[in-house]
Protein chains: 2
Amino acid sequence: MDPRPIGVFDSGVGGLTVLHECLVTMPHEDFVYLGDHARLPYGPRPLGEVREFAREIGSYLETQDVKLIVVACNTATSAALPRLQEELTVPVIGVLTPEAHAAVQATRSRRIGLLATQGTVDSGRYGELVHALDAGVSFHPVACPRLVPLIESDDPYGEATERAVREYAEPLKAAGVDTVILGCTHYPLIRPVFQRVFGRDVTLVFSAEETAREVSETLARKGIENDPAREGVYRFLSTGDPETFREMGRRFLQFPIGKVGHVTLAQLEAAAA
Amino acid sequence: MDPRPIGVFDSGVGGLTVLHECLVTMPHEDFVYLGDHARLPYGPRPLGEVREFAREIGSYLETQDVKLIVVACNTATSAALPRLQEELTVPVIGVLTPEAHAAVQATRSRRIGLLATQGTVDSGRYGELVHALDAGVSFHPVACPRLVPLIESDDPYGEATERAVREYAEPLKAAGVDTVILGCTHYPLIRPVFQRVFGRDVTLVFSAEETAREVSETLARKGIENDPAREGVYRFLSTGDPETFREMGRRFLQFPIGKVGHVTLAQLEAAAA
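Because the structure is predicted, anything quoted here is derived from the model rather than measured. (Residues numbered from 1 in each chain as written. Chains lettered and ligands numbered in written order. Predicted model: local features only at pLDDT ≥ 70, side-chain atom pairs only at ≥ 80, totals over all residues. Heavy atoms only, no water.)

Our focus in this paragraph is the sheet that holds strand β7 (residues 179-182) of chain A. Residue and element names in this part refer to chain A. Read from one edge to the other, the open sheet built from 4 strands follows the order β6-β5-β7-β8, with strand pairing classed as parallel. Edge positions in the sheet fall to β6 (138-143) and β8 (203-205), since each of these pairs with one other strand and no more. The mean inter-strand angle of the sheet, taken between neighbouring strand axes irrespective of direction, is 20°. In this structure, strand β5 (residues 111-116) lies alongside β6, joined through 6 bridges in parallel fashion. Looking at β6, one finds that Ile112 is bridged to Phe139. Sheet strands in contact with helix α6 (residues 125-133) are β5, β6 and β7, and its direction is about 165° off that of β6. (Pairing = 2+ DSSP bridges. Helix = DSSP H or I, 4+ residues; strand = E, 2+ residues; numbered from the N terminus. Axes fitted to C-alpha atoms, helices over the stretch in contact; angles between N-to-C directions. Contact = heavy atoms within 4.5 Å.)

Okay, the packing of aromatic side chains next. Overall, the coordinates contain 14 aromatic pairs over all chains when judged by the stated rule. When the ring of Tyr33 of chain B is compared with that of Phe245 of chain B, the centres are 5.9 Å apart and the planes differ by 55°; the resulting orientation is tilted. Here Tyr33 of chain B, found in strand β2 (residues 31-35), pairs with Phe245 of chain B, found in helix α11 (residues 242-253); they are 212 residues apart in sequence, far enough to count as distant. Considered together, Tyr33 of chain B and Phe245 of chain B belong to a single accessibility category, that of buried residues. Considering the side-chain rings of Tyr42 of chain B and Phe53 of chain B, the 5.6 Å spacing of their centres and the 50° angle between planes classify their relative orientation as tilted. Within this pair, whereas Tyr42 of chain B is found in the loop between β2 and α2 (47-63), its partner Phe53 of chain B is found in helix α2, the two being separated by 11 residues in sequence. Per residue, the accessibility class of Tyr42 of chain B equals that of Phe53 of chain B, and both read buried. Three or more aromatic residues link up through ring pairs in this structure, and these residues are Tyr33, Tyr234, Phe236 and Phe245 of chain A. Across the ring face of Phe252 of chain B, the terminal group of Arg251 of chain B is positioned such that the distance to the ring centre comes to 5.6 Å. (Phe/Tyr/Trp six-rings, centres within 6.5 Å; stacked < 30°, edge-to-face > 60°. Buried < 20%, exposed > 50% of the residue type's maximum accessible area, 1.4 Å probe, protein only. Lys NZ or Arg CZ within 6 Å of the ring centre and 35° of its normal.)

Turning to the domain arrangement of chain A, a few remarks are in order. All names here are of chain A. Looking at chain A, the domain boundaries give domain 1 (6-95 + 209-272) and domain 2 (96-207). For domain 1 and domain 2, the distance between their C-alpha centres works out to 22 Å. When domain 1 packs against domain 2, close to 2,000 Å² is buried across both sides, 61% of that on carbon and sulfur atoms. Seen at the junction of domain 1 and domain 2, the total is 0 salt bridges. In this structure, the connection of domain 1 to domain 2 is made through 13 residue pairs in polar contact (both at pLDDT 80 or more). At the level of secondary structure, the elements contributing two or more residues to the side of domain 1 that touches domain 2 comprise α1 (16-25), α3 (74-87), α10 (208-222) and α11 (242-253). Partitioned by chemical class, the residues of the side of domain 1 that touches domain 2 number 11 nonpolar, 13 polar and 4 charged. (Domains from an automatic or database assignment. Buried area = accessible area lost by both parts, 1.4 Å probe. Salt bridge = Lys/Arg side-chain N within 4 Å of Asp/Glu carboxyl O. Polar contact = N/O pair within 3.5 Å; in protein donor to acceptor, adjacent residues only side chain to side chain. Nonpolar A, V, L, I, M, F, W, Y, C, P; charged D, E, K, R; others polar.)

Looking now at the side chain of Ser11 of chain B. Residues and elements named next belong to chain B. With respect to the helices and strands, Ser11 occurs in the loop between β1 (6-10) and α1 (16-25). The class of Ser11 is buried, set by a relative accessible area of 4%. In contact with Ser11, other than residues within four places in its own chain, are Gly35, Asp36, His37, Leu40, Tyr42, Cys73 and His186.

After a rotation of 180° and a shift along the axis of 0.0 Å, chain A superposes on chain B with an RMSD of 0.0 Å. Taken together, the rotation angle and the small translation identify this as a two-fold axis. Measuring from the rotation axis to each C-alpha of chain A, the shortest distance belongs to Arg251 of chain A, at 3.9 Å. Mapped onto chain B, 100% of the interface residues of chain A again fall at the interface, so both copies present the same surface. (Least-squares fit on C-alpha atoms with pLDDT ≥ 70 in both.)

Before going further, it helps to spend a moment on the interface of chain A and chain B. Taken together, the contact between chain A and chain B spans 29 residues of the former and 29 residues of the latter. Where chain A abuts chain B, roughly 2,500 Å² becomes buried across the two surfaces, and 46% of that area is made up of carbon and sulfur atoms. Area buried by chain A at its contact with chain B is led by Arg196, Arg200 and Gln254 of chain A, which between them contribute 33% of it. For the pair chain A and chain B, the number of links is 8 salt bridges. A salt bridge links Arg166 of chain A to Glu231 of chain B, with the nearest nitrogen and oxygen atoms 3.5 Å apart.

As structure tokens, then:
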């Protein structure tokens, strides 16, 4: 029995989709969620810079005595997962592999699309993972630089969002894909918009539920679960404005979020030093 | 080819969950959605009164030249479906049968729970439908009078909602059900709350997707579909405050809802006269 919390981080509120599935699967565990709003979005930044941010946050979460870290951000996973696993002492779980696997299982036409940030697309990781599982798949990545800023804006459900989704979907429809990986943890927050644009015949693949399963299995195999009879608690940290985080978390994931703590970038840098 | 729109109605915004699935399945069809906010909630009212409301709205939608009507409200379906089918000339589709079927298919323990409004529980329709499919199922209905008002309130994701869901879930957990019918179209609007309260091992059954499939098949069999190459439009009507409807629709279903029309109760009554 291990009472330490699980650490989860993202550039913003996107990782809450992963946290939600973790709470459904492991209601008895405690969680610390960190949103790096001060430096959002990660997508357009050089991968080396995102890697440095991820190292800082991983180190900071270790100082909070977590027992496992979930990188609930596809850009950070693409940029930094191997490095985090080498440098941190606790297990680190990312979000790309489960989606690649689910997409290869789901496709019938063997044409798979990817919608993701520029950083994730540039890393080429999804293509590698998909082709490692099925070298015969035709893979179509599309970078969606406008989506994370729109989803984190004051008007996430407006016409600008719908227009952007339609535009990014266009090349995938033209390519005749039957499966699309939503390769950013922010995207499931506007899942209904994607569903309406792609229609019933395209399978949309998300990582959150698969990632939660991976976390749960890892805890069990390592024997570091918490008492299954207890009720877990979760707390939130942001490098940006706590009140904005609180509002957005509530809106998107229907969490009655209480207080949100503030972490400074100096604290993160100090942890990684 | 039939260019007429499809009519969809509910006491409030709950039926938007059904409309969303219809848009995913039939993006080329036009829709008219009517929310009867002036008389919400339907759940605590006598079934005879709800039946009268449903007749009025069905007749009004016929005056709008719809080609099919979806009763996207479990209370109204329980109270009025046979009557509407007898009195109206267009096909009428309700929301209970698909859920009962899905629940019987999903359960392994053959213990099924129902969360629904007082009216739906009192009608006994779900129990009849479930037992018609499997007379050996142990069926546990729970009336949830607080939920629709909370979901339509200013604070749908607050602690009061979570507390209410926990309280209504308690007898179902005690009965050891492995499948729960969310028997009100409002409830999927707070699906994450239900998921966290029931956890991964309980299957939650919703009607929206099954209902959309039923609508699509009915149009096809009757040969009254619209041109599949076109893009459909949808419009909204409310007997209550159009602005409130607009805000709630946007929040819950991520529709960039434009103008909402107002319909008076006198107009509804006149249509049924």
